[in-house]
Amino acid sequence: MQDKTTANINRSARRQLWFLKSIIFVSICTVILHFAYSFLFLTPSYGNLIESITEKEAVRVAHHIAKHLLPQNEKFTKTTIPKIFDERYQEVVRDFNLMKVKIYSPSGEIIFSTTAEEIGEVNTEKYFHGSVKSGKPYTKIVQKNTKSLENQMVTVDVVETYVPVMDGDTFLGAFEIYFDTTTTKNTVDRLVLTANILLVAISCGLLLAMVALVLKAKSNILAQHKAEHKILRQSVSLQRKNRELSTINAISEIINGSKDLTNLLTGTLEVLAKQFGPKNNIRGTITLLSENKLELESHFGHTDEFIKRHEQQNIDECLCEKAAKNGEMVISCGKCSTAVSAECPEDKSRRTIVPLKSKNEVIGILSLHIPDSLDIGTNKNMLQTIGNQLGLAISNLKLFMETKKQSLVDPLTGLGNRRNLDAHTTRFISVARRHKTPLTLVMTDIDYFKNYNDTYGHAKGDEILVKVANILKKEIRDIDFVARYGGEEFVILLSKTGTQQAILVCERIRKTVEKDTDVTISLGIALFQPDSDEKALIREADMALYRAKDKGRNQVAIAQQS
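By convention here, each chain's residues receive numbers from 1 onward along its written sequence. The model is predicted, so local features are restricted to residues of pLDDT at least 70 and side-chain atom pairs to those at 80 or more, both for listing and for counting; the totals for chains, interfaces and linings are taken over all residues. To obtain the side-chain values, all non-hydrogen atoms of the structure were included, while hydrogens and water were left out.

1. A look at the sheet that holds strand 4 (residues 158-167)
Thinking step 1. Pairing in this open sheet of 5 strands is antiparallel, and the strands run 2-1-5-4-3 from one edge to the other. Two strands bound the open sheet, and with one partner strand each, they are strand 2 (110-113) and strand 3 (138-142). Here the strands of the sheet are splayed against their neighbours by 15° on average, with no regard to which way each runs.
Thinking step 2. Two elements, strand 1 (residues 100-104) and strand 2, share 3 bridges in a ladder whose sense is antiparallel. Only when DSSP finds a minimum of two bridges between them are two strands counted as paired. Strands here are runs of E lasting at least two residues and helices are runs of H or I lasting at least four, both read from the DSSP assignment and numbered beginning at the N terminus. Throughout, an axis means a line fitted to C-alpha atoms (over the contacting stretch in the case of helices), and angles, computed between N-to-C directions, take values from 0 to 180 degrees.

2. Comments concerning helix 11 (residues 458-475)
Think of an α-helix as turning once every 3.6 residues; residues three or four places apart then point the same way.
Thinking step 1. By definition here, a helix of n residues has an expected span of 1.5 Å times n minus one. When the terminal C-alpha atoms of helix 11 are compared, their 26 Å separation across 18 residues agrees well with the 26 Å that a helix rising 1.5 Å per residue should span.
Thinking step 2. Burial classes: relative accessible area under 20% of the type maximum marks a residue as buried, over 50% as exposed, and values in between as partly exposed (1.4 Å probe, protein chains only). Here helix 11 has its buried residues at G461, I464, L465, V468, A469, I471, L472 and E475. Along helix 11, the residues classed as buried sweep out an arc of 160° about the axis, all on the same side. With respect to the buried face of helix 11, the exposed residues turned more than 90 degrees away are A459 and K474.
Thinking step 3. Looking at the packing, one finds that the buried side of helix 11 touches strand 12 (439-446), helix 10 (449-456), strand 13 (481-486), strand 14 (489-495) and helix 12 (499-516). Note that the arc is computed from the directions linking the helix axis to the C-beta atoms. Throughout, a residue-residue contact means that at least one pair of heavy atoms, one from each residue, lies within 4.5 Å.

3. A look at the packing of aromatic side chains
Thinking step 1. Two rings from Phe, Tyr or Trp (for Trp, the six-membered ring) form a pair when their centres sit within 6.5 Å of each other. Planes less than 30 degrees apart are called stacked, planes more than 60 degrees apart edge-to-face, and all others tilted. Scanning the entire structure with this criterion turns up 8 aromatic pairs.
Thinking step 2. Measuring from ring centre to ring centre gives 5.2 Å for Y104 and F128, while their planes differ by 45°; the resulting arrangement is tilted. Taken together, the residues span a long stretch of sequence, with Y104 in strand 1 and F128 in helix 3 (residues 126-132) at a distance of 24 residues.
Thinking step 3. With relative accessibility at 0%, the residue F128 sits in the buried group.
Thinking step 4. A connected cluster of aromatic rings, assembled from ring pairs, spans Y104, Y127, F128, Y138, Y162 and F171.
Thinking step 5. Charge over a ring is defined by NZ of Lys or CZ of Arg lying within 6 Å of the ring centre and within 35 degrees of the ring normal. In this structure, K100 packs its charged tip against the face of Y178, placed 5.3 Å from the ring centre.
Thinking step 6. Of note, R553 hangs over the ring of Y448, and the distance from its end group to the ring centre comes to 4.5 Å.

4. With respect to the pattern of salt bridges
Thinking step 1. One side-chain nitrogen of Lys or Arg within 4 Å of one carboxyl oxygen of Asp or Glu is enough to make a salt bridge. Per the counting criterion, the structure on display carries 13 salt bridges.
Thinking step 2. One salt bridge connects E463 with K460, and the closest N-O pair in it is separated by 3.7 Å. Of the two residues, E463 and K460 both sit in helix 11, 3 residues apart, roughly one turn of that helix.
Thinking step 3. Since its relative accessible area comes to 42%, E463 is described here as partly exposed.
Thinking step 4. For K460, a relative accessible area of 39% corresponds to the partly exposed category.
Thinking step 5. Its salt-bridge partner being E507, residue R510 comes within 2.9 Å of it at the nearest N-O pair. Of the two residues, R510 and E507 are both situated in helix 12; the distance of 3 residues between them amounts to about one turn of the helix.
Thinking step 6. Overlapping salt bridges, with partners in common, bring together K100, K102, E118 and E176 in one network.

5. Comments concerning the environment of Q275
Thinking step 1. Relative to the assigned elements, Q275 resides in helix 5 (residues 261-275).
Thinking step 2. Residues in contact with Q275, not counting those within four places in the same chain, are R243, E244, T247, N379 and M382.

6. As for unusual backbone geometry
Thinking step 1. The phi angle at Y448 is positive, at roughly 55°, despite the residue not being glycine.
Thinking step 2. Following the sequence through the fold, Y448 ends up in the loop between strand 12 and helix 10.

7. With respect to the layout of surface pockets
Thinking step 1. Definitions used throughout: a 1 Å grid over protein atoms alone; a cavity as a set of points that fits a 1.4 Å probe which cannot get out; a pocket as an open set with protein on both sides within 12 Å along at least five of seven lines; a lining residue as one with an atom within 4 Å of a point. Grid points are joined across faces, edges and corners, and a volume is the space filled by probe spheres set on the points. In this structure, the second largest pocket spans a volume of roughly 280 Å³.
Thinking step 2. As for the second largest pocket, its lining consists of 15 residues, of which I50, I53, T54, T181 and T184 are closest to the centre.
Thinking step 3. The greatest single-element share of the lining of the second largest pocket, amounting to 6 residues, is contributed by helix 1 (residues 2-69).
Thinking step 4. Each residue belonging to the lining of the second largest pocket can be placed in one class, and the counts come to 7 nonpolar, 6 polar and 2 charged. Polarity classes work like this: nonpolar for Ala, Val, Leu, Ile, Met, Phe, Trp, Tyr, Cys and Pro, charged for Asp, Glu, Lys and Arg, and polar for all others, with Gly in that last group.

8. Points about the nonpolar core
Thinking step 1. Judged by nonpolar contacts, the single largest core of 29 residues is most densely connected at L264, I286, L366, L383 and I394.
Thinking step 2. Looking at this core, the elements with two or more residues in it are helix 4 (182-257), helix 5, strand 6 (283-290), strand 10 (351-358), strand 11 (361-369) and helix 8 (380-408). Take the buried residues of types Ala, Val, Leu, Ile, Met, Phe, Trp, Tyr and Cys, join any two whose side-chain atoms come within 4.5 Å, and each joined set is a nonpolar core.

9. Brief notes about the packing of helix 11 against helix 12
The description of two helices packed together rests on the angle between their axes and the distance between the axes.
Thinking step 1. Relative to each other, helix 11 and helix 12 sit at 145°, their axes nearing to 10 Å. Crossing of helix 11 over helix 12 shows right-handed handedness. The residues of helix 12 that touch helix 11, namely those facing V468, I471, L472 and E475, are V505, R508, I509, T512, V513 and D516.
Thinking step 2. Here the contact of helix 11 with helix 12 is built from residues that sort into 6 nonpolar, 1 polar and 3 charged. The handedness criterion is simple: a crossing whose near helix is rotated anticlockwise from the far helix by less than a right angle is left-handed, and one whose near helix is rotated clockwise is right-handed.

10. Brief notes about the pairing of strand 10
Thinking step 1. Of all 8 residues that make up strand 10, 7 are buried, and the element is covered over most of its length.
Thinking step 2. Bridge analysis of strand 9 (residues 330-331) against strand 10 gives 2 bridges, and the strand direction is antiparallel. Pairing of I331 across the sheet is with T352, part of strand 10.
Thinking step 3. Bridge analysis of strand 10 against strand 11 gives 8 bridges, and the strand direction is antiparallel. Along strand 11, the bridge assignment pairs P355 with I365.
Thinking step 4. Hairpin geometry of strand 10 and strand 11 is characterised by an intervening segment of 2 residues between the two adjacent antiparallel strands and by a positive phi of about 55° at K359.

11. Some thoughts on the side chain of D445
Thinking step 1. Mapped onto the elements of the fold, D445 is located in strand 12.
Thinking step 2. Owing to a relative accessible area of 5%, D445 belongs among the buried residues under this scheme.
Thinking step 3. A polar contact is formed between the side chain of D445 and the side chain of K549, at a distance of 2.6 Å.
Thinking step 4. Excluding residues that lie within four positions of it along the chain, D445 makes contacts with E488, E489, T520, I521, S522, L545 and K549. Throughout this description, a polar contact denotes any pair of N or O atoms lying within 3.5 Å of each other; where both atoms belong to protein, one of them has to be capable of donating a hydrogen while the other can accept it, and for residues adjacent in sequence the pair is counted only when both atoms sit in side chains.

12. Digging into the confidence of the model for the protein
One rule of thumb: low pLDDT means the predicted coordinates there are not for detailed reading.
Thinking step 1. Confidence scores here are pLDDT values: one per residue, from the predictor, ranging 0 to 100. Chain-level pLDDT for the protein is 81 on average; 89% of the residues reach the 70-or-more range.
Thinking step 2. Counting contacts from residues 335-347, a segment whose pLDDT is below 50, to residues more than four positions away or on other chains yields 30 contacts.

13. What about the environment of S219?
Thinking step 1. Mapped onto the elements, S219 comes out in helix 4.
Thinking step 2. Using a relative accessible area of 41% as the deciding quantity, one classes S219 as partly exposed.
Thinking step 3. Sequence spacing of S219 and L17 is 202 residues, and the spatial spacing of their C-alpha atoms is 9.9 Å.

Here's what the structure looks like:
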């Protein structure tokens with residue numbers, strides 16, 4: 001999910017940057033097109049305009065001369081030019097501000113020119129015998145210090161125009177009229193230059209403004225991109241921390257709700273497997289340190305063969321030694337460290353070994369088998385916290401269980417004490433009532449125990465109590481219960497056992513004690529009645545015991561049911 005979001009952010013940033021680059025590219029192309037339009041189209045257009053206007057003016061002047069100064073409908077020859085033309089052409093030149101005038105015969109011979117030495121020359125050029133003779137004007141702009149159509153050098157800017165004179169389709173001759181356009185061209189050039197400079201300034205200004213805006217936008221996009229990545233990293237970090245806190249809280253709930261070690265350790269492993277993903281084949285074990293051995297207490301996801309092989313192993317057989325000795329987490333990649341004397345009897349998978357600590361003392365090891373695709377490093381602090389939390393919880397639970405055990409067990413014989421007996425008696429009676437099954441309570445004590453103590457001492461007396469207690473434990477079933485009632489008295493609860501069966505059990509116990517010890521015992525049997533209670537049951541068994549004693553001891557007596 002994170003990779004997908006990161007890719008989306010990068011893709012969005014690339015699109016925005018590409019858009020900005022496109023704006024810059026379009027802006028530069030626009031400026032270039034403006035320059036190209038100005039220099040390649042607009043500036044030549046002014047020249048063409050001058051040429052067009054001058055050509056029209058030349059046509060008007062030629063027609064004026066032909067109409068007013070030359071014979072009508074006659075081909076131009078030297079003889080057709082009247083004398084009045086020589087007298088009045090200077091007025092025409094002055095009135096129309098002409099620079100120069102030539103008159104051509106149909107053959108291309110110059111029959112008149114304001115420059116007398118040109119008279120008699122013949123124009124043999126294609127433009128004259130092609131375009132002009134066909135009745136089309138021909139105009140050319142001649143730049144200063146360049147050659148004219150007749151290959152003559154000019155010292156000013158000139159528009160040179162050939163104007164044909166036609167009579168229907170008959171070519172009568174042509175005028176060549178020169179206009180001095182230096183002043184006009186200079187004026188236009190200044191206007192064009194000013195316009196181009198202004199256009200360049202505006203275009204460059206707009207381009208610079210656009211570049212500045214794009215750079216600012218790019219800076220904002222990059223800043224936004226960086227901020228989005230930062231927010232994403234923070235979001236991922238927060239999500240990870242939330243998962244870690246959720247895992248720690250879940251384990252805390254297991255710790256607070258666990259009354260035994262099995263539930264505590266199994267629940268912890270299940271929570272960790274869920275944290276790292278159930279689809280990732282997470283496996284784990286929890287082993288507790290006992291002297292120099294690691295005893296397997298709980299596991300998750302491992303095969304039976306693996307569990308059998310790891311039920312108990314020496315601490316120096318795997319990487320656990322390093323974690324146990326240094327109290328530091330160890331992350332491996334499938335093989336044990338070369339610093340370890342023997343290779344870990346482990347499947348070759350990546351392992352994370354977390355020491356379980358209680359008051360800075362390592363009491364066990366949490367070992368997780370995690371695929372290489374998962375980054376365990378980001379969860380290192382969480383696992384260390386869980387290791388300390390779980391280690392302390394294990395110590396506290398062990399202490400609680402030991403304290404509870406001591407509060408319910410007779411310290412001398414290891415049998416249940418009076419408090420433990422009360423709890424079991426209540427439970428046995430409840431089961432007998434609910435399932436309507438028989439229940440027998442047996443009260444027994446050692447015959448003449450006071451005399452034995454006085455004769456052999458209290459140490460020997462304690463030994464006898466232990467021997468008798470061991471016989472009682474050995475002779476009853478797992479579903480039964482035996483407790484030390486007080487002094488030399490013991491109570492046996494025989495579940496699902498009637499009077500006759502109880503007699504057989506008691507006789508077997510009595511004979512075993514007589515055979516294997518230096519003392520004898522007397523036993524009283526009481527059968528639980530549905531309308532009876534715990535106190536009545538014990539009282540009846542006690543009365544039966546006294547009858548056995550009154551009859552001579554070392555025998556079994558049955559309570560008299562009312």
